[in-house]
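Below, each chain spelled out in residue letters.
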2 protein chains.
Amino acid sequence: LDYQHVQVPFEITLWIMLASLAKIAFHLYNKLPSVVPESCLLIFVGLIMGGIIYGLNDRSPPVMDTDIFFLYLLPPIVLDAGYFMPSRPFFENIGTILLYAVVGTIWNVFGIGFSLYGICQVKAFRLQDVSLLHNLLFGSLIAAVDPVAVLAVFEEIHVNEKLHILVFGESLLNDAVTVVLYKLFRSFCEMPTIKSVDVFAGVGKFFVVGLGGVLVGLTFGMTAAFTTRFTKDIRVIEPLFVFLYSYLSYLTAEMFHLSGIVAIIACAMGMKRYVEANISLKSHTTVKYFMKMWSSVSDTLIFIFLGVSTIGENHEWNWPYICFTVIFCLVWRALGVLVLTFFVNRFHVNTITSKDQFIIAYGGLRGAICFSLVFLLPDFHRKKLFIAATTVVILFTVFVQGMTIRPLVDLLAVKRKRESAPTVGEQIHIRFLDHLLAGIEDISGHWGQYYWKDKLEYFNSKYLQKILLREYDQPKSSIVLLYEKLERKHAIELAAAGQLGHAPSHPSLLNDRSVVTDKKLEDTLNPDVLENIQEILARNLYRTRRTGPAYNRHTLPGETEPVEHAKEILILRRKSL
Amino acid sequence: LDYQHVQVPFEITLWIMLASLAKIAFHLYNKLPSVVPESCLLIFVGLIMGGIIYGLNDRSPPVMDTDIFFLYLLPPIVLDAGYFMPSRPFFENIGTILLYAVVGTIWNVFGIGFSLYGICQVKAFRLQDVSLLHNLLFGSLIAAVDPVAVLAVFEEIHVNEKLHILVFGESLLNDAVTVVLYKLFRSFCEMPTIKSVDVFAGVGKFFVVGLGGVLVGLTFGMTAAFTTRFTKDIRVIEPLFVFLYSYLSYLTAEMFHLSGIVAIIACAMGMKRYVEANISLKSHTTVKYFMKMWSSVSDTLIFIFLGVSTIGENHEWNWPYICFTVIFCLVWRALGVLVLTFFVNRFHVNTITSKDQFIIAYGGLRGAICFSLVFLLPDFHRKKLFIAATTVVILFTVFVQGMTIRPLVDLLAVKRKRESAPTVGEQIHIRFLDHLLAGIEDISGHWGQYYWKDKLEYFNSKYLQKILLREYDQPKSSIVLLYEKLERKHAIELAAAGQLGHAPSHPSLLNDRSVVTDKKLEDTLNPDVLENIQEILARNLYRTRRTGPAYNRHTLPGETEPVEHAKEILILRRKSL
């Protein structure tokens, strides 16, 4: 037996296997995932495993390595999030999202930091040795909403698109702020004196870290798109480039201390449309599927490790500090959302309702990023207290808020996501209105989002597409692409229905056509008629009103009841004839 | 700049990127890959890179790590080979393959070992310090044909299926023999005296290593199939299990010193039919695509590293030893093939022609496995000589034999692979004959391959399928599955043709049908006729004579000219009406 030799890959494979099997086990009991979010179940599995390891070895189980988390587990999830980001609502609400992500996070950091410092001044709590800077440092790591936790919960409750993108977008983009503040306070903690220059340098860094991330991401995204122009003869390695370039963008950003999360999102969103046009259909299926698979596994591993790492002797318990941390996290977030939304609503026609505000405040889940950051803290005598407080906040938000948010959404009757995707008609109208608004903005001299979108679209079709797309001579509008996709899908369904052998006969539909031709089949059909039928059958666009089911990260669109669809198509086709 | 932090993943990603870009670059010049095998080009790139590193650093570039090779680079290639192994020719020739793999390899090991020992006795060559055992050890690592090198070359020359499977099967299955002999001689080298018991134990080990590998592989394969029964609700992680279980089978076999290659092949071949039936279509596309992608990348990396590792100061040059190694490798392989084929041909009706024998002998390429094994040797004063000899043998076989084998195949007019897959009619007849032969064997009491195949099929449908398949109540024969696949494919093509908007009009095809109906379209078509047409259109099975292009590991089937196909289908459909 030579275990040493294969230990590393063997254990990694076993962990992934365990995570996947746990996932299967939850889904075998259909009722479980509909009540408890998967993230809670996974943390619970982790806790049990941590307990077993602790019981057997009589020492703390291994803590999730921060390097492993930031270098290997986080990127797939963020890549998946960026690649499947609904770009329209994202860009429509980019201002609000940035406000929440930047100002909101700063608000929370300072709010939590200063008020915890206030608590530390109470002599009875015996916390006077925790300085203001340490409290602010703790505030900077505990304030940021976690994209992994938010995704895991919000994807299951299907709130309306705007609400979803506000919470989720904030959780992604606050990375830049968190990185800057965390590093700033950490370096302040080690500095003997702090000059005002350092504070201003810190403010300047926001822009460098955020915009630098965007720049790195876009650079790699465009390079990826350009590379896929030349893969026509080796389709097999096409999916690889999507993964390689996004990962490189993340690593490069991290290397230069920029925001890796922002970089990978910019990369994914930037390359998506060009890559999709360049690579083959099967490559694209593979890219989508593998992204989902990878992020799903990463996400599972993160929550299990979170559970495992919780068990152990890393904690220093101090009731007041921990309780007040939880309370302040809730209160400051609620206040921040109220104040910021007040300003947002003054400048928007589509206001954010008070129900939505409540869900935004309540959906501020903390997760593995806080956890990793707290372990990255330099050693000082109260580190274990911070670890304990962070663990409690994470478990509280994931379990209590995560499990109650779905009933609350039901109770408040928060506007849900529409079940069906927009029809082609709607899409055409939306596009038409966009053009119209761009024109109005241009004439009125107001450079709003439509104006910029139009300019970007012009730049894209005039320069970018020519460089990045392989077949520029045949540019296809997204409507045509949608039409092709639908045709393909329905053709498959039709083929599947043909195999069933018992196509539904609905004579009632055809009752009014009572002309009977007794001639043989061949005689009744002259060439023109035949061609006509084939034309109609092949080009008929049917059932556009339901193009895809509601988005869910654990399934890929287009896997629901092909048989039923196909039947409906057959009926519709008959009608159309 | 914090390079240290991201170094490991960054460098790995960059290497993979380099490999992929090199692949793209070759394929941009279409003529290059048709003359020089890709493996040669990649080694060449590696040599250049090694030279650059050597020139810049003034020390040997890093040598390919044996652990990385055996744990991370080799498994994807073998998994790909096992999963896409054509099982019929493999099992039909299993006896011959095993004979070549076991007896042939032993023959080569002892042949090369003893004759090199003979060379070492010549005083003029100054090699008298190389003992017989060391020569045999060297023989054991240099004798084995390398599956990676064989695949890379043979996939591009498209020889007939039997010839391909003989060379390729041998290269895969000789792993068990190589492992045993290599470890045996290595432990003998370290033992003071060798007892005859040890030699017999070594012989017994063949069976343990080989059959143990098969057992481990089948166990994991069946578990994988069983697991995919329960993934209906989370399709996204289905592909994962295929990879996880195969990798675990490899690692487990390696852990117990069994043959990992044999294990992963048994696992892949065992699980394939059950997994394919259980998982969704998109999951299956992802599995196939990713397997191809992964093996393609691994294979590229291996050849590049092979080139890089060649440069440096690891070599001790000794003209006679190195030249005679190359000569003996060629001579003993040729002799072995001649002798073994003589026996094989006496027991078979379909004999192996002398042309085929020549290609089998000439196709004995050596590759990265030898290279890794020679670096794994315990340190002794002639190790650098062995490294030099191994490098020369690998480069000679890959460059000289690899580049000349295609012209030789053309020159000798070796029987090529048939371009088209067998038609459904042929398949039905083959299956019918199998049943017939199984019956004849049963009656005559001769337990041949058909008898066993029939028994296995019975066992499979009676027990295995019930346990391993999710939807056992609807068992589908492979013909029905093929039909479904064809229908699906052609439905997609039809949809694509519909979008083109200019379906080919061939009035000449329809000239003879001159009945003109002036009534309106609706009037001419009574419900029955309509239903009839739809029936014909949906259920028509067309163009089965070309179901797939010739096998090539760099492309997936079904990516060729959908437009042309679709046109043909349209014409055929019209004809059929």
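Computed from a prediction, not measured in an experiment: that's the story for all the values here.

## With respect to the overall build of chain A
- When helices and strands are counted, chain A shows 23 helices and 0 strands.
- Residue burial in chain A is summarised as follows: out of 577 residues, 53% are buried.
- Sequence separation of at least 24 residues holds for 83% of the intrachain contacts in chain A that already meet a minimum separation of 6.
- Counting only carbon and sulfur atoms, one obtains 65% of the accessible surface of chain A, whose full area is about 25800 Å².

## Examining helix H11 (residues 238-255) of chain B
Residues and elements named next belong to chain B.
- The terminal C-alpha atoms of H11 lie 26 Å apart, and with 18 residues this matches the ideal 26 Å at 1.5 Å per residue to within 8%.
- Most of H11 is tucked away, with 18 of its 18 residues classed as buried.
- Of the residues flanking the end of H11, it is His-257, one or two places downstream, whose phi is positive at about 60 degrees.

## With respect to the packing of aromatic side chains
- Overall, the coordinates contain 55 aromatic pairs over all chains when judged by the stated rule.
- Plain terms: the ring middles of Tyr-83 of chain A and Phe-84 of chain A are 5.6 Å apart, the flat faces sit at 75 degrees to each other, and that makes the pair edge-to-face.
- Taking 5.4 Å as the distance between ring centres and 15 degrees as the angle between the ring planes, the aromatic pair formed by Phe-358 of chain B and Tyr-362 of chain B counts as stacked. Within this pair, Phe-358 of chain B and its partner Tyr-362 of chain B are both found in helix H15 (residues 354-362), separated by 4 residues, close to a single helical turn.
- For Tyr-362 of chain B, a relative accessible area of 17% puts it in the buried group.
- Its guanidinium or amino end placed over the ring of Tyr-274 of chain A, Arg-273 of chain A lies 6.0 Å from that ring's centre, counting from NZ or CZ.
- The cationic tip of Lys-292 of chain A hangs over the ring face of Phe-84 of chain A; the distance from NZ or CZ to the ring centre is 4.1 Å.

## Comments concerning the domain arrangement of chain A
All names here are of chain A.
- Domains assigned within chain A are domain 1 (64-298 + 314-388) and domain 2 (424-468).
- Put simply, the middle of domain 1 and the middle of domain 2, counted by C-alpha atoms, are 30 Å apart.
- Contact with domain 1, which involves 10 residues of that partner, is made by 11 residues of domain 2.
- Of the roughly 830 Å² buried where domain 1 meets domain 2, counting both sides, 43% is carbon and sulfur surface.
- Interface area lost by domain 1 to domain 2 is led by Arg-88, Arg-273 and Tyr-274, which between them contribute 54%.
- The tally of links between domain 1 and domain 2 comes to 2 salt bridges.
- In this structure, Asp-434 engages Arg-88 in a salt bridge whose closest nitrogen and oxygen atoms are separated by 2.9 Å.

## Regarding helix H14 (residues 319-346) of chain B
- With 28 residues, H14 of chain B should cover 40 Å at 1.5 Å per step; its first-to-last C-alpha distance of 41 Å lies within 8% of that length.
- Of the residues that open H14 of chain B, the one with a side-chain oxygen 3.2 Å from the backbone nitrogen of Tyr-321 of chain B is Asn-318 of chain B.

## Concerning the environment of Phe-375 of chain B
All names here are of chain B.
- Tracing the backbone shows Phe-375 in helix H16 (residues 368-376).
- C-alpha of Phe-375 to C-alpha of Ile-387: the two residues are 12 residues apart in sequence and 7.2 Å apart in space.
- Contacts of Phe-375, omitting those with residues within four sequence positions, involve Val-63, Asn-314, Lys-383 and Ile-387.

## Describing the confidence of the model for chain A
Residue and element names in this part refer to chain A.
- Mean pLDDT for chain A: 80, with 83% of residues reaching 70 or above.
- With pLDDT under 50 throughout, residues 499-524 is counted as low confidence; its partners more than four residues away or in other chains account for 43 contacts.
- Low pLDDT, under 50, characterises residues 557-561; the predicted model gives this stretch 8 contacts beyond four residues in sequence or across chains.

## Describing a nonpolar patch on the surface
Residue and element names in this part refer to chain A.
- Taken together, Trp-107, Ile-327, Leu-330, Val-331, Leu-335, Leu-338, Val-339, Phe-342 and Phe-343 make up a surface patch of nonpolar side chains, about 760 Å² in accessible area.
- Ranked by the residues each element gives to the nonpolar patch, the list is headed by helix H14 (residues 319-346), at 8 residues.
- Along the chain, Trp-107 turns up in helix H6 (residues 94-120).
- Judged by relative accessible area, Trp-107 falls into the partly exposed class, the value being 32%.

## Describing the pattern of salt bridges
Residue and element names in this part refer to chain A.
- All chains considered together, the criterion is met by 26 salt bridges over all chains.
- Across the salt bridge formed by Lys-272 and Glu-276, the nearest N and O atoms sit 3.9 Å from each other. Pair noted here: Lys-272 and Glu-276 are both in helix H12 (residues 260-278), with a separation of 4 residues, about one helical turn.
- Residue classification places Glu-276 among the partly exposed residues on the basis of a relative accessible area of 33%.
- Overlapping salt bridges bring together Arg-88, Glu-92, Asp-434 and Lys-453 as one network.

Calculation rules
- Residue numbers restart at each chain and count upward from 1, following the sequence in its written direction.
- Labels are handed out in written order, letters beginning with A for the chains and numbers beginning with 1 for the ligands.
- Only residues with pLDDT of 70 or above have their local features reported here, since the model is predicted, and side-chain atom pairs are shown and tallied only from 80 upward, although totals for entire chains, interfaces and linings are computed over all residues.
- Hydrogens and waters are ignored; side-chain quantities use all the structure's heavy atoms.
- We count a stretch as a helix when DSSP gives it H or I for four or more residues in a row; a strand needs E for two or more, and each element gets its number in order from the N terminus.
- Relative accessibility decides the category of a residue: with a 1.4 Å probe and only protein chains considered, values under 20% of the type maximum give buried, values over 50% give exposed, and everything between is partly exposed.
- The contact criterion used throughout is that any non-hydrogen atoms of two residues lie within 4.5 Å.
- Values of accessible area rely on a 1.4 Å probe in the Shrake-Rupley scheme; residue burial ignores everything except the protein chains shown.
- Working rule for helices: expected span equals 1.5 Å times residues minus one.
- Note on ring pairs: Phe, Tyr and Trp rings are taken, using the six-membered ring of Trp, and paired if centres are within 6.5 Å. Classes follow the plane angle, with under 30 degrees stacked, over 60 edge-to-face and the rest tilted.
- By definition here, charges over rings are those cases where NZ of Lys or CZ of Arg is within 6 Å of the ring centre and within 35 degrees of the ring normal.
- Domain start and stop points were drawn from an automatic or database domain assignment.
- Two parts placed together each lose some accessible area under a 1.4 Å probe, and the buried area is that loss summed for both.
- By convention in these notes, a salt bridge is any Lys or Arg side-chain nitrogen within 4 Å of a carboxyl oxygen on Asp or Glu.
- Contacts described as polar in this section are N or O atom pairs within 3.5 Å, which, within protein, must combine one atom able to donate a hydrogen with one able to accept it, while residues neighboring in sequence count only if both atoms come from side chains.
- pLDDT is a per-residue confidence score from the predictor, ranging from 0 to 100.
- Residues enter patches when their relative accessible area tops 30% and they take part in no salt bridge; the joining distance is 9 Å for like charges and 5 Å for the nonpolar side chains Val, Leu, Ile, Met, Phe, Trp and Tyr.

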